[in-house]
Amino acid sequence: MLVLLILHLVAAIVAPLLVRRWGPRACYPLALAPAAAFGWALARTPAVGHGGAVVETYPWIGQLGLDIALRLTTLSWLMTLLIGGVGALVLVYSARYFDAGSPGMAQFAAVLVAFAGAMLALVFADNLLLLYVGWELTTIFSYLLIGHSTERRPSRWAAAQALTVTTLGGLAMLVGFILLGEHAGSYRWSEIATHPLPAGGYLVTAVLLILAGALSKSAVLPFSSWLPVAMAAPTPVSAYLHAAAMVKAGVYLVGLLAPVLATVGPWRPVVQVAGVATMLVAGWAALRQHDLKLLLAYGTVSQLGLLVAVTGAGTPDAALAGTAMLLAHALFKAALFLVVGVIDHGAGTRDLRELSGLRRWSRPLFGVAVLAAASMAGVPPLVGFVAKEAVFAAFTGDPVLLAGLVAGTVLTVAYSARFLWGAFADRPGVEPAPPAPIAASMLLPPAVLAVVGLLAGPAAGVLDGLLSPYAELLGGLHGHLTLWPGPTAALGLSVLALVGGGLLFALRGPLAPALARLRSPVGGNQGYEWVVGRFDRFAIAVTGATQRGSLPQYLGIILVTLVLLPGGAMLAAAPWRARLPLWDNPLQPVVVVVVSVAALLAVGARRRLTAMLLVGVTGYGTAMLFILHGAPDLALTQFLVETATIAVYVLVLRRLPERFSARPLRRSRWTRRAIGVATGVVAGGLALVASGARRAPDISTVFPALAVGEGYGRNVVNVTLVDIRAWDTMGEVSVLVVAATGVASLIFERGRTGPRPRRPESAAVLGTHRPVWLRGGPTLYEERRSIVLEVVIRLIFHTVVLFSLFLLFSGHNAPGGGFSGGLVAGLALVVRYLAGGRYELTDAAPVGAGLILGAGLALAVGTGAVALLAGGSVLESAKLDVSLPLVGDVHLVTSLFFDIGVYLIVIGLLLDILRSLGAEVDRQIEATGTETGGLSIDKGGRP
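Residues numbered from 1 in each chain as written. Predicted model: local features only at pLDDT ≥ 70, side-chain atom pairs only at ≥ 80, totals over all residues. Heavy atoms only, no water.

Participant: Whenever I open this one, the overall build of the protein confuses me. Can you help?
Facilitator: For the protein, the count of helices and strands is 37 helices and four strands. Over its C-alpha atoms, taken along the principal directions, the protein stretches across nearly 110 × 75 × 70 Å. Across the 943 residues of the protein, 48% fall into the buried class. Partitioning the contacts of the protein with sequence separation of at least 6, the portion at a separation of at least 24 is 77%. Total accessible area on the protein stands at roughly 43,800 Å², and carbon and sulfur atoms take up 68% of it. Positive and negative side-chain charges of the protein, numbering 65 and 47 respectively, have mean locations separated by a distance of 9 Å. (Helix = DSSP H or I, 4+ residues; strand = E, 2+ residues; numbered from the N terminus. Buried < 20%, exposed > 50% of the residue type's maximum accessible area, 1.4 Å probe, protein only. Contact = heavy atoms within 4.5 Å. Areas by Shrake-Rupley, 256 points an atom, 1.4 Å probe, with all protein chains shown as cover. Lys, Arg positive; Asp, Glu negative; His and termini not counted. Charge placed at Lys NZ, Arg CZ, Asp CG, Glu CD.)

As structure tokens, then:
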């Protein structure tokens, strides 16, 4: 089964290449992927024919207990046959349905094959969480397929509506799966089904949430509106997704869970009331449609209601009838959609008021349509008749539900006749359009489906033997699938439905006013638009009330929430009752006093530069506390980060007023101070509570031994970053790359990868040949130059860079590492820029920041990939001890290469900041001719 999923993945990947080479004809070889699934399932018929199962399990996420658990049973076997068989025929049909050069053909072919693979993953999954993964993949792929014609607004709207409705249902279903899995103690359905579930409200909630997902996927009321709108998709998409595959996912889920959950309180009322109501409402709506495709769409919604009501009944006979109807519906409805596609492709319209005499255009197409429509109406000897008989027989003991099913079948017969009449009958006054010839590859797929529906009826006994193992999961069977049931009540009801449907169609003229009046005052699509519109208005109102453009207001709301909610919970813990030493070292209170005074002074500072320096004092004071606590690595990193932050602040302050605004008023100023004090108290209390709430052993106690034994280093901090918790570091450096890209995107007015600034030569320098300390120095204004600074930077720059390399290579066993080393190298570039300007920065770093960032990320990720290719775990370290001439013994750990990647990323980040907030701002200042870059500053220091 896993091989089939991989096959579909590979086919989806190569599909664009094949389409580029062969055009729509590439659908022929791509059809081999779903055809392989059909052939594989056919070959497994003996294995599942007597209630057996084909099982494959592969380890995946062991910590979550999540394996790739695949299981093929009778129900999933039937779905695999439909997904593979109908999928292959639809791809063959698509090869001639689309014209050469059709826009988006490569995407269509790739997504359709990928959708088939996602459906297979859904029906193969034995783990509920894995089933959800396949479920959501089908949602995404269906969104892309429905919105295939991106240039058409109805297509985009239909795709968005389908995505919204099915995704919301899927999220509800995920919560239900989690509740059910935790309630049962396992997420493997094969294990849940073998043990009784504890009853109660917990299980009822899980069932309702799961049913919400199933009903939304299968377009059952109140989630029916998206499917008729989705007819904006190409006809092959409708034939596959909305007849044989996607909409059947909800029916499949109901059928899968019914043997266990059908006895839970709300299950039967929900599925049967919603199912029968959908069957009646959508069947009545189908009689009013003039678009053949919409007629079939509403008919599909109607029969999905029937399928959900029958498969969810939870009785053996209903389960057998439901699986037979599942097969019959896929055969006749996919065939009819493909027939509509042929008509639309040849005649140029699907409006039955504009069609006339098409039965003479193609007798074979007319014959295919008659067979498929007759099966939909339940005419013997087709498989639709067999399934309908089984449905009526299964509910003879429930007269109310049976009456609803018979009424729905009467409507089905009526709109089946309306379809044939609308597509192929002669209409007085309508000139027959000369249709184009029909390609054999467009006629063959619907013909195959119609003929299989014809042959499956007489083979009802064989079908009964194949489908009975699923029905027997619910108990002993009383009825069986048969072509001739004899003079039974079910047969009488079938005759009644055929006669009633025929009369309803025959009286379509006199009943036309009733059809027009008897309808819901608000359509499903109107209801959806109303709900979406109200949500939009609510979002606008909330945004208008909360997003006022005031950063202090946003921060204040966040901090007040922190004080009230976690702070209120903290009061219950009463952390002040714990006896804690006030300090471990007499220097600690001195540092705390300095930090506190600096923080208080920063609050009252009126100048931005003063406030920034005072905030820096609090950062350096925190680094001192790290030193006093014996954490040199943390202290070194804190010192470097604080220094780099001050440098960035200095760059930003050039474009800001010297002083803060005269606001806030005195009253609001005290309010802000109160919020700050309360936040500090709560944050300290939470840290105290968290440190005292530990019950399990501290995981970090094993880190020293792991650092030496598996990370091959004595610096626990660095080994933790590059080995023990390297996944965390991988995520953090990825965020750094994204942050650098974001900063550059906000600042640069042009591509940051464009030509670097060329240094203009000073005429005085060129004329005298006088030596310069920094080549960029002469390009600065005289008032901005400092010869002393240029001399000092010239002398220490290379030493600082060498020191950064020392920190990088020694960090595995001593304080340092790639992050610290990268900060030191980045600060060397900072001082080089401060001394010589943007031209000096170009000389110091003649490569693009994006190249350094990309190389660092590639090296970090590549280190993990190499370990995997070498047979180890991702990011697993290995030790190399070599002896080099003139050097001696070298102890090399492969995590060093990961650390080098971190080193490059940090340098690239700082370089990107320097080139955006520094060099680019310099260029903008030069272009505007003002030090503020065109920003107007009034006398009070306000912009």
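Participant: What should I look at first to understand the pattern of salt bridges in this one?
Facilitator: When the charged atoms of two side chains with opposite charge come close together, those side chains can pair. For the structure shown, the criterion picks out seven salt bridges. Taking the shortest distance from any N to any O, the salt bridge between Asp-291 and Arg-350 comes out at 3.0 Å. Here Asp-291 is found in the loop between helix H14 (267-286) and helix H15 (292-311), whereas its partner Arg-350 is found in the loop between helix H16 (316-347) and helix H17 (363-377), with 59 residues between them in sequence. Taking the shortest distance from any N to any O, the salt bridge between Arg-353 and Asp-351 comes out at 2.9 Å. Overlapping salt bridges, with partners in common, bring together Asp-291, Asp-344 and Arg-350 in one network. (Salt bridge = Lys/Arg side-chain N within 4 Å of Asp/Glu carboxyl O.)

Participant: Quick question: what am I supposed to make of the nonpolar core here?
Facilitator: Nonpolar side chains in soluble globular proteins tend to end up buried together. In terms of nonpolar packing, the biggest core is built from 203 residues, with Phe-124, Tyr-240, Leu-261, Trp-267 and Phe-395 touching the most fellow members. With 22 residues, H16 is the single largest residue contributor to this core. Ignoring sequence-local partners within four residues, the contact set of Phe-395 consists of Gln-272, Ala-309, Val-310, Ala-313, Ala-318, Leu-401, Leu-402 and Leu-405. Judged by nonpolar contacts, the second largest core, of 44 residues, contains Ala-726, Leu-808, Ile-900 and Val-902. (Core = buried A, V, L, I, M, F, W, Y, C linked by side-chain atoms within 4.5 Å.)

Participant: What should I look at first to understand the packing of helix H7 (residues 128-146) against helix H13 (residues 246-261) in this one?
Facilitator: Each pair of packed helices can be summarised by the angle the axes make with each other and by the distance between the axes. Following both chains from N to C, one finds H7 and H13 inclined at 160°, their axes separated by 10 Å at the closest point. When the axis of H7 is compared with that of H13, the two are roughly antiparallel. Note on packing geometry: the crossing formed by H7 with H13 is left-handed. Judged by residue contacts, Leu-131, Trp-135 and Ser-142 of H7 engage Met-246, Ala-249, Gly-250, Leu-253 and Leu-256 from H13. Taken together, the residues of the contact of H7 with H13 break down into six nonpolar, two polar and no charged. (Axes fitted to C-alpha atoms, helices over the stretch in contact; angles between N-to-C directions. Parallel < 35°, antiparallel > 145°, perpendicular 65-115°, else oblique. Left-handed = near helix turned anticlockwise from the far one by under 90°. Nonpolar A, V, L, I, M, F, W, Y, C, P; charged D, E, K, R; others polar.)

Participant: Would you explain the environment of Trp-77 in this entry?
Facilitator: Of note, Trp-77 is situated in helix H5 (residues 74-97). Residues Trp-77 and Ala-41, spaced 36 residues apart in sequence, show a C-alpha to C-alpha distance of 6.1 Å. Residues within four places of Trp-77 in sequence aside, it is in contact with Ala-41, Leu-42, Thr-45, Val-48, Leu-72, Leu-466 and Leu-467.

Participant: Would you explain the confidence of the model for the protein in this entry?
Facilitator: Reading predicted coordinates in detail is not appropriate for stretches of low pLDDT. Looking at the protein, pLDDT values average 84 and 91% of them are 70 or higher. Per-element confidence in the protein is highest for helix H3 (residues 32-43), whose mean pLDDT is 93, and lowest for helix H33 (residues 763-768), whose mean pLDDT is 42. Between residues 762-768, whose pLDDT stays under 50, and residues either more than four places distant or in other chains, the model counts five contacts. Of the regions scoring below 50 in pLDDT, residues 931-943 engages in 22 contacts with residues more than four places distant in sequence or in other chains. (pLDDT = per-residue confidence, 0-100.)

Participant: Is there a simple way to explain a nonpolar patch on the surface in this structure?
Facilitator: A cluster of nonpolar side chains, Ile-6, Leu-9, Val-10, Ile-13, Val-14 and Leu-17, forms an exposed patch at the surface whose accessible area comes to about 530 Å². Along the chain, Leu-17 falls in helix H1 (residues 2-22). On the accessibility criterion, Leu-17 (52% relative accessible area) is exposed. (Patch = residues over 30% accessible without salt bridge, like charges linked within 9 Å, V, L, I, M, F, W, Y side chains within 5 Å.)

Participant: Hey, could you run me through helix H26 (residues 587-604) in this one?
Facilitator: Turn by turn, an α-helix covers 3.6 residues, leaving residues three or four places apart pointing in a common direction. Look at H26: 27 Å from first C-alpha to last across 18 residues, which is about the 26 Å you get at 1.5 Å a residue. If you check which residues of H26 are buried, you get Gln-588, Val-591, Val-595, Ala-598 and Ala-602. Buried residues in H26, looked at end-on, bunch into an arc of 95°, giving them a common side. Facing away from the buried side of H26 by more than 90 degrees, the exposed set consists of Leu-600 and Val-603. Next to the buried residues of H26 lie helix H27 (608-628). (Expected span 1.5 Å × (residues − 1). Arc of directions from axis to C-beta.)

Participant: When you look at the environment of Gly-908 in this model, what are you seeing that I'm missing?
Facilitator: Structurally, Gly-908 is set in helix H37 (residues 895-928). Look at Gly-908 and you get buried, because its relative accessible area is 0%. Distance from Gly-908 to Asp-881, taken between C-alpha atoms, is 31 Å for residues 27 residues apart in sequence. Those residues in contact with Gly-908, other than ones at most four positions away along the chain, are Ala-849, Ile-852 and Leu-853.

Participant: What's the story with unusual backbone geometry in this structure? I'm lost.
Facilitator: A negative phi angle characterises most non-glycine residues, just as the trans form characterises most peptide bonds. In this structure, the amide linkage connecting Leu-221 to the following residue, Pro-222, adopts the cis form with an omega of 10°. With respect to the helices, strands and loops of the structure, Pro-222 is situated in the loop between helix H10 (201-217) and helix H11 (226-229). Cis rather than trans, the peptide bond between Pro-380 and Pro-381 has omega equal to 5°. For Ala-219, which is not a glycine, the phi torsion comes out positive at approximately 55°. The topology assignment puts Ala-219 in the loop between H10 and H11. Here the phi dihedral of Tyr-712 falls at roughly 60°; this positive angle occurs in a residue that is not glycine. Mapped onto the fold, Tyr-712 is located in the loop between helix H30 (703-709) and helix H31 (716-724). Judged by relative accessible area, Tyr-712 falls into the partly exposed class, the value being 25%.

Participant: Is there a simple way to think about the packing of aromatic side chains in this case?
Facilitator: In this description, a pair of aromatic rings is defined by centroid distance and the angle of the planes. The final tally for this structure, using the stated rule, is nine aromatic pairs. Ring geometry for Trp-40 versus Phe-124: centroids 5.8 Å apart, planes at 65°, classification edge-to-face. Here the residue Trp-40 occupies a position in helix H3, and Phe-124 occupies one in helix H6 (residues 105-124), the gap between them amounting to 84 residues. We classify Phe-124 as buried; its relative accessible area is 0%. Ring centres of Trp-421 and Phe-505 lie 6.1 Å apart, and the angle between their planes is 65°; on these two criteria the pair is classed as edge-to-face. Here Trp-421, found in helix H19 (residues 399-424), pairs with Phe-505, found in helix H22 (residues 489-506); they are 84 residues apart in sequence, far enough to count as distant. Taken together, the ring pairs connect Tyr-93, Tyr-97, Phe-98 and Phe-108 into an aromatic cluster. (Phe/Tyr/Trp six-rings, centres within 6.5 Å; stacked < 30°, edge-to-face > 60°.)

Participant: I keep staring at the environment of Gly-283 and nothing clicks. Help me out?
Facilitator: If you trace the backbone, Gly-283 turns up in helix H14. Judged by relative accessible area, which is 0%, Gly-283 ranks as buried. The spacing of Gly-283 and Tyr-298 is 15 residues in sequence and 6.5 Å in space, taken between C-alpha atoms. Sequence-distant contacts of Gly-283, that is, excluding residues within four places in its chain, are made with Thr-278, Ser-302, Leu-411 and Tyr-415.

Participant: Just to check I follow, could you spell out H14 for this structure?
Facilitator: Here H14 spans 28 Å end to end across 20 residues, near enough to the 28 Å set by a 1.5 Å rise per residue. Within H14, burial applies to Trp-267, Val-271, Gln-272, Ala-274, Gly-275, Val-276, Thr-278, Met-279, Ala-282, Gly-283, Ala-285 and Ala-286. In this fold, the buried residues of H14 make contact with H10, H13, H15 and H19.

Participant: What's the story with the side chain of Ser-494 in this structure? I'm lost.
Facilitator: If you trace the backbone, Ser-494 turns up in helix H22. If we ignore the near neighbours within four places in the chain, the residues touching Ser-494 are Phe-385, Lys-388, Glu-389 and Phe-392.

Participant: Explain the side chain of Glu-642 here, please?
Facilitator: When you line up the elements, Glu-642 lands in helix H28 (residues 632-653). In this structure, Glu-642 is in contact with Val-615, Gly-616, Gly-619 and Tyr-620, ignoring residues within four places of it in sequence.

Participant: I would appreciate a short explanation of the packing of H16 against helix H18 (residues 383-394) in the present structure.
Facilitator: Viewed as axis vectors pointing N to C, H16 and H18 meet at an angle of 155°, and their least axial separation amounts to 8 Å. Judged by the inter-axis angle, H16 sits roughly antiparallel to H18. Two packed elements cross with a definite hand, and for H16 against H18 that hand is left-handed. Across from Asp-317, Ala-318, Ala-321, Ala-324, Met-325, Ala-328 and Leu-331 in H16, the residues of H18 making contact are Val-383, Gly-384, Ala-387, Lys-388, Ala-390, Val-391 and Ala-394. In the contact of H16 with H18, the residues fall into 11 nonpolar, one polar and two charged.

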